[in-house]
Amino acid sequence: MHGNEVLGRELLIMLAQYLCEEYNHRNPRVTNLIHETRIHILPTMNPDGYEVAADQGPEMNSYMTGRANAHGIDLNRNFPDLHLAAHKLQGKNHHISLPTDWQRQVEQETYAVIRWMQNYNFVLSANLHGGAVVANYPFDKAEGPPGRGMYRATTSTTPDNQLFQKLARVYSYSHGWMHSGTNCGDYFLDGITNGASWYSLARGMQDFNYLYSNCFEITLELSCRKFPPESELQREWYGNREALLAYMEEVHKGIKGMVLDENNNGIPEAVISVSGINHDVTTGTGGDYFRLLLPGKYTVTASAPGYENQTAHIGVNEHPPSRLDFRLVPKVAVRSTSVPTVPSEQNTSSRAVQRRMGPRATRRRARRRQRGQ
């Protein structure tokens, strides 16, 4: 995302190579991960910024050189700010609609990533950065007006705050040294931080993911030096390899299933609500859904326009994900017995309840493949 923060780019290339090699070697863990997970890897979102930074190299590179794209825009401040819309919707903080003019507000790179999100039902992702060593979870934007300076002692949490803390700790404690929390002159307990507690920023990618899509994303700051020399890459790879694998495996936690109609057809855009957590997810084009959850007992409701809601109780273990399918029945239209106020010949056509069939595409960089579809 930031062209001069290059370690994440190199690690993702090494990860792709490692997955291919270990799959060919029939590594059971990697084989299972590849067979059960749709994995998307985007080594760089800002190739123009990277070229500027690479031309200067690690020794001469300044803190800001290559951070922005070719138009001088910081791409992690370029996503539509959906926090304002969420406040207007009185507490709703999921699947917030984009502004009508959103395409004119964003850079081409940001537009491409948003379209990517819309085309896949992503579940879990990570945004890789440099300049610190910490796992940062949403929200990044602090509530209320900013105080003096960027740094503040506050938090801005999501309804899935405990889950996000767990995801951040999975990476931190699987990393070679992130969990110590004492890297780069900073101190972060357990090597994790709430984004707004560190410093507040608006229009960031991880907040946008949570408010717009089904995807849960954290930001990984991976190195003190934004452009480390090549000699450090091997150490960084071994420090991050297990963390990258363990984090991807977290996508197989919680619940998953299908939302079907009476004819066993998948219902797209059905809403999956978990009692006590004010953040819903929706089904994909085939009626499949995935909802990350911590171990526990939950009450889950599936709903869709034109159908009766269905509620079920389910227990969730640490692993594997619990399967919970729903079969929704259409609502029965109630005939009116009142006397019509217009001539009957003008009232001969009734408007049936319409179900929106055009799927809203959603996203995940490590999507769990649904069995039995």
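Residues numbered from 1 in each chain as written. Predicted model: local features only at pLDDT ≥ 70, side-chain atom pairs only at ≥ 80, totals over all residues. Heavy atoms only, no water.

A. The arrangement of the state of the cysteines in detail. Applying the stated criterion to the full structure yields one disulfide. Covalent S-S linkage joins Cys-184 and Cys-224, the inter-sulfur distance amounting to 1.9 Å. Around the S-S axis, the bridge from Cys-184 to Cys-224 shows a dihedral of about -85 degrees and counts as left-handed. Taken together, the residues span a long stretch of sequence, with Cys-184 in the loop between α7 (161-174) and β4 (192-194) and Cys-224 in the loop between β5 (216-223) and α10 (233-249) at a distance of 40 residues. What makes Cys-184 partly exposed here is its relative accessible area of 31%. Taking relative accessible area as the criterion, Cys-224 reaches 42% and is therefore assigned partly exposed. (Disulfide = S-S within 2.5 Å. Helix = DSSP H or I, 4+ residues; strand = E, 2+ residues; numbered from the N terminus. Buried < 20%, exposed > 50% of the residue type's maximum accessible area, 1.4 Å probe, protein only.)

B. Examining the pairing of strand β8 (residues 277-282) more closely. Most of β8 sits inside the fold, with five of its six residues counted as buried. In this sheet, β8 lies alongside strand β7 (residues 271-274) in antiparallel orientation, the contact comprising three bridges. Bridging across to β8, Ile-272 finds its partner in Val-281. Between β7 and β8, which follow one another and run antiparallel, lie two residues, and Gly-276 among them has a positive phi close to 90 degrees. (Pairing = 2+ DSSP bridges.)

C. Highlighting the confidence of the model for the chain. Predicted confidence across the chain gives a mean pLDDT of 88, with 85% of residues reaching 70 or more. Segment residues 146-150 is flagged for pLDDT under 50; beyond a separation of four residues in sequence, or across chains, it makes four contacts in the model. Scored below 50 in pLDDT, residues 339-373 shows 98 contacts in the model against residues more than four places distant or in partner chains. (pLDDT = per-residue confidence, 0-100. Contact = heavy atoms within 4.5 Å.)

D. View of the side chain of Asp-160. Mapping Asp-160 onto the fold places it in the loop between β3 (132-137) and α7. Polar contacts involving the side chain of Asp-160 include one to the side chain of Tyr-210, which spans 2.6 Å. With sequence-adjacent residues up to four places away left out, Asp-160 is seen in contact with Tyr-210, Phe-216, Ile-277, His-279 and Arg-291. (Polar contact = N/O pair within 3.5 Å; in protein donor to acceptor, adjacent residues only side chain to side chain.)

E. Here's a closer look at the sheet that holds strand β11 (residues 310-316). Strand order in the open sheet formed by four strands is β8-β7-β10-β11, with antiparallel pairing between adjacent strands. Whereas interior strands pair on both sides, the edge strands pair on one side only; in this sheet they are β8 and β11. The average undirected angle you get between the axes of adjacent strands in this sheet is 25 degrees. Note: β7 against strand β10 (residues 296-303), four bridges, orientation antiparallel. Each residue of the ladder has a partner; that of Val-274, found in β10, is Val-300. (Axes fitted to C-alpha atoms, helices over the stretch in contact; angles between N-to-C directions.)

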